[in-house]
Amino acid sequence: MTTVQRSGWRRLAAEGVGTFFLVLVAAGAGVIDVVTDGQVGRPAAAIAPGLMVLALIYTLGETSGAHLNPAVTLAFAARGHFPWRRVPAYVAAQLVGALAAAGLLRGLFGTAGQVGASRPWPGIGSGTAFALETVLSFGLMTVILGTSSGARNIGHNAAIAIGGYIALAALWAGPATGASMNPARSLAPVLAGGHGGPLWIYLLGPLLGAALAVPFARVLRGPPSTEATHAAQGRPDMTEQGGERPPDPAAGPGGSGPPAR
């Protein structure tokens, strides 16, 4: 196996494992809340996925870019930060990770909490839920594309901004729709046996939000940057480019910069 192939498998493994843990927390919070008669609570269930994303960006950002969400992968590709040829494999890895997490929850707790399936609150119409998921996803993708576009934003600041947005969105909008913003997170519990709301809301809403965020990112940030490409793809292996990796201009004298988003 060549160095490039090994690097590709590392990226896919990172996306699969990262999405597994994100869905385990995001869907699992609702499951555990039901199993323990409300011991998790809504604020904790909202904050937990944001903290998990923050941790995963620190852990996996340099390897794969830590997309953890098919809508993020498509947004990076449409923005020109990520090659389209890699999109199917990334999305497949994310779906496998999400399904593994939902399958584990189903195996451990049955269909308690509908395996964490996303659903609108009773009385919230499908059109309202779709609009809200689209707007929330637009905001998330804007934060992700914005924090990946400059060297000073990559790493710590990006992780905090993205994790913070996810937590804040879930705190205020979670009761209305679940604030999924992630097609893999919403699809997997349904495939594992849960019954959520109309699935099209949670598949199309994030994708439309991502599509709207891409031209807006160009208005805000201009054309794609090298830093954003590193953030979206992970740092290249030293031998992947056929030689030693050039120094990172944001790294400083030591030659090693902050982790990539």
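Residues numbered from 1 in each chain as written. Predicted model: local features only at pLDDT ≥ 70, side-chain atom pairs only at ≥ 80, totals over all residues. Heavy atoms only, no water.

**Focus on the overall build of the chain**
The test is simple: Strands here are runs of E lasting at least two residues and helices are runs of H or I lasting at least four, both read from the DSSP assignment and numbered beginning at the N terminus. In what follows, a contact means two residues having at least one pair of non-hydrogen atoms within 4.5 Å. Surface accessibility in these figures is a Shrake-Rupley result with a 1.4 Å probe; residues are shielded only by whichever protein chains are displayed.
Of the regular secondary structure elements, the chain holds nine helices and zero strands. Ordering the α and β elements of the chain from the N terminus gives α-α-α-α-α-α-α-α-α. The long-range fraction of contacts in the chain, counting pairs at least 24 apart against all pairs at least 6 apart in sequence, stands at 82%. Summed over all atoms, the accessible surface of the chain reaches about 11,300 Å², with 67% contributed by carbon and sulfur.

**Considerations on the packing of helix α3 (residues 70-79) against helix α8 (residues 199-221)**
Quick reminder of the rule: To define axes, lines are fitted to C-alpha atoms, for helices over the stretch in contact only, and angles between the resulting N-to-C directions are given on a 0 to 180 degree scale. Crossings are assigned a handedness: left-handed for a near helix turned anticlockwise from the far helix by less than a right angle, right-handed for a clockwise turn. Residues are grouped as follows: Ala, Val, Leu, Ile, Met, Phe, Trp, Tyr, Cys and Pro are nonpolar; Asp, Glu, Lys and Arg are charged; every other residue, Gly included, is polar.
In the contact formed by α3 and α8, the axes pass within 9 Å of each other and the chain directions differ by 35°. α3 and α8 meet at a crossing whose hand is right-handed. Here A71, L74, A75, A78 and R79 of α3 lie close against α8, whose contacting residues are P206, L207, A210, V214, A217, R218 and R221. Across the contact of α3 with α8, the residue classes tally to nine nonpolar, no polar and three charged.

**Considering the packing of aromatic side chains**
We describe a pair of aromatic rings using the distance from one ring centre to the other and the angle between the two ring planes. Spelled out, the test is: Stacked, tilted and edge-to-face are the three classes applied to pairs of Phe, Tyr and Trp rings, where Trp contributes its six-membered ring and a pair requires centres within 6.5 Å; stacked means planes under 30 degrees apart, edge-to-face means over 60, and tilted covers the rest. Three labels apply to residues, based on accessible area from a 1.4 Å probe with only protein chains included: buried if under 20% of the type maximum, exposed if over 50%, partly exposed otherwise in between.
Following the criterion strictly, the structure yields four aromatic pairs and no others. Arranged with centres 5.1 Å apart and planes meeting at 85°, the rings of F20 and F21 form a pair that is edge-to-face. Of the residues examined, F21 reaches a relative accessible area of 36% and is grouped as partly exposed.

**Points about the confidence of the model for the chain**
Rules: For every residue, the predictor reports its confidence as pLDDT, a number between 0 and 100.
A residue-level look at the chain finds 85% of positions with pLDDT of 70 or above and a mean pLDDT of 88. Long-range and interchain partners of residues 238-261, a stretch whose pLDDT sits below 50, account for 46 contacts in this model, where long-range means more than four residues apart.

**Details of the nonpolar core**
Here is the rule we go by: Nine residue types can take part in a nonpolar core, namely buried Ala, Val, Leu, Ile, Met, Phe, Trp, Tyr and Cys, and a core is a set of them joined through side-chain atoms within 4.5 Å.
Of all hydrophobic cores here, the largest spans 41 residues; its most connected members are F76, L136, L140, M141, I144 and I162. Elements with a minimum of two residues in this core: α1 (3-35), α2 (42-64), α3, α4 (87-109), α5 (126-147), α6 (156-177) and α8. Ranked by the residues each element gives to this core, the list is headed by α6, at eight residues. Discounting residues that sit within four places of it in the chain, M141 has contacts with N69, A71, V72, A75, M181, G209, A210 and A213. Formed by 13 residues, the second largest nonpolar core is a distinct cluster that contains F20, A98, A101 and A102.

**Here's the deal with a nonpolar patch on the surface**
Our working definition: Exposure above 30% relative accessible area and the lack of any salt bridge qualify a residue for a patch; like charges then connect within 9 Å, and the nonpolar side chains Val, Leu, Ile, Met, Phe, Trp and Tyr within 5 Å. The salt bridge criterion pairs a side-chain nitrogen of Lys or Arg with a carboxyl oxygen of Asp or Glu, the two atoms within 4 Å.
Where nonpolar side chains cluster on the molecular surface, the patch consists of V35, L104, L108 and F109 and spans about 330 Å² of accessible area. Ranked by residues supplied to the nonpolar patch, first place goes to α4 with three residues. By the element assignment, L108 lies in helix α4.

**A word on the side chain of S137**
Relative to the elements of secondary structure, S137 occurs in helix α5. S137 sits in the buried class, given a relative accessible area of 0%.

**Brief notes about helix α9 (residues 226-233)**
All buried positions along α9 are accounted for by A228, A231, A232 and Q233. Downstream of α9 by a residue or two, G234 has a phi angle that is positive, lying close to 85°.

**Description of unusual backbone geometry**
Of note, L68 is a non-glycine position whose phi angle comes to about 65°, a positive value. On the secondary structure map, L68 appears in the loop between α2 and α3. Take L68: its relative accessible area is 2%, and that puts it in the buried class.

**Remarks on the packing of α4 against helix α7 (residues 183-191)**
The criterion, for reference: Comment on the angle field: the value is read as roughly parallel under 35 degrees, roughly antiparallel over 145, roughly perpendicular from 65 to 115, and oblique elsewhere.
Across the interface, α4 lies against α7 with an axial gap of 8 Å and an inter-helix angle of 45°. What the angle tells us is that α4 and α7 run oblique. In the crossing of α4 with α7, the sense of the turn from one axis to the other is right-handed. Listed contacts from α7 to Q94, L95, A98, L99 and A102 of α4 are A184, L187, A188, P189 and L191. A class-by-class count of the residues in the contact of α4 with α7 yields nine nonpolar, one polar and no charged.

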